[in-house]
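Spelled out from the first residue to the last, the chains are:
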Protein chains: 6
Amino acid sequence: MSDAPPISRFPVPRMEDLPDDLRERIAAVAEKSGFVPNVSLALARRPAEWRAFFAYHDALMEGESGLDAAEKELIVVATSAANDCLYCVVAHGAIARIRARNPLLADQVAVDWRKADVTDRQRAMLGFAVKLATEPARVTEADLAELRGHGFSDDDIWDIGAITALFAMSNRMAHLTAMRPNDQFYLMGRVPKEMLAQLQGPV
Amino acid sequence: MSDAPPISRFPVPRMEDLPDDLRERIAAVAEKSGFVPNVSLALARRPAEWRAFFAYHDALMEGESGLDAAEKELIVVATSAANDCLYCVVAHGAIARIRARNPLLADQVAVDWRKADVTDRQRAMLGFAVKLATEPARVTEADLAELRGHGFSDDDIWDIGAITALFAMSNRMAHLTAMRPNDQFYLMGRVPKEMLAQLQGPV
Amino acid sequence: MSDAPPISRFPVPRMEDLPDDLRERIAAVAEKSGFVPNVSLALARRPAEWRAFFAYHDALMEGESGLDAAEKELIVVATSAANDCLYCVVAHGAIARIRARNPLLADQVAVDWRKADVTDRQRAMLGFAVKLATEPARVTEADLAELRGHGFSDDDIWDIGAITALFAMSNRMAHLTAMRPNDQFYLMGRVPKEMLAQLQGPV
Amino acid sequence: MSDAPPISRFPVPRMEDLPDDLRERIAAVAEKSGFVPNVSLALARRPAEWRAFFAYHDALMEGESGLDAAEKELIVVATSAANDCLYCVVAHGAIARIRARNPLLADQVAVDWRKADVTDRQRAMLGFAVKLATEPARVTEADLAELRGHGFSDDDIWDIGAITALFAMSNRMAHLTAMRPNDQFYLMGRVPKEMLAQLQGPV
Amino acid sequence: MSDAPPISRFPVPRMEDLPDDLRERIAAVAEKSGFVPNVSLALARRPAEWRAFFAYHDALMEGESGLDAAEKELIVVATSAANDCLYCVVAHGAIARIRARNPLLADQVAVDWRKADVTDRQRAMLGFAVKLATEPARVTEADLAELRGHGFSDDDIWDIGAITALFAMSNRMAHLTAMRPNDQFYLMGRVPKEMLAQLQGPV
Amino acid sequence: MSDAPPISRFPVPRMEDLPDDLRERIAAVAEKSGFVPNVSLALARRPAEWRAFFAYHDALMEGESGLDAAEKELIVVATSAANDCLYCVVAHGAIARIRARNPLLADQVAVDWRKADVTDRQRAMLGFAVKLATEPARVTEADLAELRGHGFSDDDIWDIGAITALFAMSNRMAHLTAMRPNDQFYLMGRVPKEMLAQLQGPV
């Protein structure tokens, strides 16, 4: 383990040095998923920012929404790919595969969302998200009108935009820190869970 | 007042309908600055996201740092200008003028940070921030080394990067909502406070 | 005064060394506006070019036109902002505020003309100008047709295009010389004239 | 099978209608890898072009070289990702995982070659390839000198450039035809071969 | 001749050292056109790649097609100009002048295909080709539908796309090798053949 | 003549309707070069602007300079090509061929100035000009220092920059008006003058 590649360009705190609330939440995630996602440790260098980041994340990614869980993750994958963000594409690609119960979709969206196996409505959603991610000033009322034409409500549009905005931040923290995705993410959602356990140990 | 331009594309909650903690914080800001910044209301449509946003904001913009308050605001101005973000350039331009006690600097940085009246160290800081804002994948170890050569510590670099990342999010929320800056911001920091009061009423 | 920042990267002639016609015109401007705009001195290094530049400028900016004086200045501000031109955004922003009798509009147009408080017709005008400024080969007959749909005549379209073209030149001269805007421009048109006089001396 | 998504926007010939040499080569590949790669059928619409394409492909990808087989595939993955080419990233990502005996590397290179687990020499190779793929006119003698500084010979540089050039073509054929990668590619090289057989049938 | 500029950055084989089939084909071209096009020698460094390249070239450029010979060459000129490829613009510009029996068209297309003296149908063809050359992922079904609206068949569209793809490769080989166009190309198709002979010797 | 393609999108005045000074200068040029360059007529729609334009042009292109006449024209060709400006590339390409007494150089510079047959000093000059033309805000003191390293004086640098700036304007007027180059320009400087006369009539 001593020569595993670093997970961040910046020094990373040890679990035992973290404030209780961070350590508890991180331990809970680790218990559920079988490992500690590197983002939890890399950002823990700054507990106040960590708390805000995950509060924001949970409000958007786990809150009520007209978007389903897979659609939210695909927004993350598409916009993070537009930013060449290794951590977010790999980690949220894994979650997207699991949420969508589809082993192909996340890779498709990461490489070329235009040609992915999504509905026209989802393609409009991803197109809007990528535009806001890469050319935010060009987003106009006409873009929102197009989303409404696909049946998205004001709250849905806010969710699409706010998830995009949150990961605009997250992608830049990942590039700033050269954040490394955990090896486990690469295979998650590609093979049945029991096979994964066989390959990676308990996940 | 009834035909003032809207401050957001999305419906904006009324002060009296907000959760207590939001209303109190907004009232406190209004008392201090003489008006309610539109961002406080535009984002209040989603209280949980609002809390996370301002917690993040305060952790970075009001926390201890090797950067002074004016430098932080200039990072916001430079990166928000790179994203053509009207709300953030106007509002944080105002704060930057006040923090820097300089009525010219924010406009200079907004239009062309390369030619602004800043030190070489600050120019390196702004160059790094704009690169992370606009071409995040191109940020490499060499860019961090250059900042270290100007005397920035790891924590300073984290601050530069994290402020940039936070406003990458904020700029996109502003473009999503077509957020309108308060008229008061345009003049703040350009004339002595007493003259401002004369022009705008109590600010 | 000896350590005021230079107004150009290139040596700047002294008033007394200028040809009579340049000195007289510059003195007239100074008398009217209370100071000598730096562009007059920075370009005076080359009298023949200076004469052509200001002849061109006057023909377009002071000639008869279907565009009003404020609209002309907003074209300058929008296209100069697209070129990150400090001198032209600051100086013509000041003139635009005065011509439009509006202290906010120039800053809005400089940061994001799409969201500025302009009419749809003016937004089409600014969109055309920015396209010609930044992607001139993409201007097609369809773009002119759109302007005609907003009621612009052939002569109006020529004016929009020619002002854009003139400042494509001017912006590049400003970047070539690192031309510095006079401090006075930053506040002009933001406060009543008598207050300005109080703050800056006679302007 | 009738409602499997099409593998090309253009009609695809049936195996039995192909010229003998195409059918034989395609059958040989299918026997070896367990399925017919869609590119073989999608391009078979034009037998003469097909023959040239695969002759070019084999000359470069299977010829003698100072680059090893994994390095060649990583050039394909990096440059195809720069072109958002779904077919080539997915198919050659699979081959790269197998050739490199590394289940992570291809995904890393596809998302952000700058942060992938490659040597400095390989990073220089990928940087050159992506530059030639995306900004070919900017490749100068200095870029070749940098590669030579990493120990690449003239023939190695030719190989890097020619593979990049070949896939500049291939990527455009894939975008022209909306070529769909076979589902099998997504998992190849991620799990042991016997597990793959269990999951996908004989591969 | 000893100090003629090199035709490639890489060593170029001598005619007498080439495999027979290459030498024969090159000699045949030279007999027909009066000189050996430099591409034939520059690429001959790799005979297997050379054979594939020219097989591909001939299949597309000399095969049956709904596009006439001049149209094919104009696709090469437009896309090669988008890639700033000196060899291909100059050499195929010459061929385009001859094929189109028009001394102006190739220069027009090289500088600005939007304003060239072509039909609307040809302009759509060139627009599609340049889009596939420069932003391949943005080519969608709608672009093909537009071509069909101009009467192009599936096979015509394949030809437009495949020629563009082939020269995406060729342009990159030319930039890799700094391939120099023969001096003779510059004048071909601009003056009557007998005058050319007078100027250049037998061509 | 009635169905010759229009030389401008805008109505063009007849020679006999022009102010005397314009008509005389245009006649003088026509006498010297054998035809009336279309730019003279297309811009004559606005005599005051016309006078300023040509005054500027003559001051720079015919004034004393450390740059020779061919170098000035190559700056025009390189920057106009970067702007895809048909009129300026074709017309000034012709003049550049004549001034440089070299039939190849202008085409080389138009397609890829990096690979043209120019000296290193000239390549630095063209690189600076193209940077100022296309990314003016990125021009910094370091770029001027590099030119000085090649022996360019302050006045030479001003000339390079001012010619670039003038044609930034001119290119946009040409795109605005869809200005058509005269057919005669295409061949000028490619064949001996007497041959040209034979082909085009008196030129």
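Residues numbered from 1 in each chain as written. Chains lettered and ligands numbered in written order. Predicted model: local features only at pLDDT ≥ 70, side-chain atom pairs only at ≥ 80, totals over all residues. Heavy atoms only, no water.

Engineer: Any chance you could explain the arrangement of the chains here in plain terms?
Structural biologist: Of all C-alpha pairs spanning chain C and chain D, none lies closer than 18 Å, and the two are not in contact. There is a clear gap between chain B and chain E: no contact, and 18 Å between their nearest C-alpha atoms. (Contact = heavy atoms within 4.5 Å.)

Engineer: What should I look at first to understand the nonpolar core in this one?
Structural biologist: One broad trend across soluble globular proteins is that nonpolar side chains are buried collectively. Within the largest apolar cluster, 438 residues are counted, with the highest numbers of intra-cluster contacts made by Ile160 of chain A, Ile160 of chain B, Ile160 of chain C, Ile160 of chain D, Ile160 of chain E together with Ile160 of chain F. Each residue touching Ile160 of chain C, except ones within four places of it in the same chain, is listed here: Leu67, Ile75, Met125, Phe128, Ala129, Leu147 and Phe152 of chain C. (Core = buried A, V, L, I, M, F, W, Y, C linked by side-chain atoms within 4.5 Å. Buried < 20%, exposed > 50% of the residue type's maximum accessible area, 1.4 Å probe, protein only.)

Engineer: Sorry if this is basic, but what is going on with helix H8 (residues 141-149) of chain D here?
Structural biologist: One turn of an α-helix holds 3.6 residues; hence residues three or four places apart share an orientation. For H8 of chain D, the full list of buried residues reads Asp143, Leu144 and Leu147 of chain D. Angular distribution of buried residues about the axis of H8 of chain D spans 100°; they occupy a single face of the element. In H8 of chain D, the exposed residues that point more than 90 degrees away from the buried face are Ala142 and Gly149 of chain D. Each element contacted by the buried residues of H8 of chain D is listed here: helix H7 (120-134) and helix H9 (154-177) of chain D together with helix H9 (154-177) of chain E. In the segment just after H8 of chain D, Gly151 of chain D is the residue with positive phi, at about 95°. (Helix = DSSP H or I, 4+ residues; strand = E, 2+ residues; numbered from the N terminus. Arc of directions from axis to C-beta.)

Engineer: I would appreciate a short explanation of the pattern of salt bridges in the present structure.
Structural biologist: Where side chains of opposite charge bring their charged atoms close, a pairing between them can arise. Counting across every chain of the model gives 132 salt bridges over all chains. Between Asp155 of chain A and Arg46 of chain B there is a salt bridge, with its nearest N and O atoms 2.9 Å apart. One end of the pair, Asp155 of chain A, is in helix H9 (residues 154-177); the other, Arg46 of chain B, is in the loop between helix H2 (38-42) and helix H3 (47-61), on a second chain. A residue is classified by how much of its surface remains accessible, and Asp155 of chain A, at 36% relative accessible area, is partly exposed. A salt bridge links Glu71 of chain B to Arg121 of chain B; the nearest nitrogen and oxygen atoms lie 3.9 Å apart. (Salt bridge = Lys/Arg side-chain N within 4 Å of Asp/Glu carboxyl O.)

Engineer: Teacher, can you tell me more about the interface of chain F and chain C here?
Structural biologist: A common way to express how large an interface is: the accessible area buried when the components associate. Listed by partner, the interface residues are 42 residues for chain F and 42 residues for chain C. Taking both sides of the interface into account, the surface hidden between chain F and chain C amounts to around 3800 Å²; carbon and sulfur atoms contribute 67%. The largest share of the area that chain F buries against chain C comes from Tyr56, Trp158 and Arg172 of chain F, three residues that together contribute 22% of it. The tally of links from chain F across to chain C stands at 8 salt bridges. Across the salt bridge formed by Arg46 of chain F and Asp159 of chain C, the nearest N and O atoms sit 2.7 Å from each other. Our enumeration of links across chain F and chain C arrives at 14 residue pairs in polar contact (both at pLDDT 80 or more). (Buried area = accessible area lost by both parts, 1.4 Å probe. Polar contact = N/O pair within 3.5 Å; in protein donor to acceptor, adjacent residues only side chain to side chain.)

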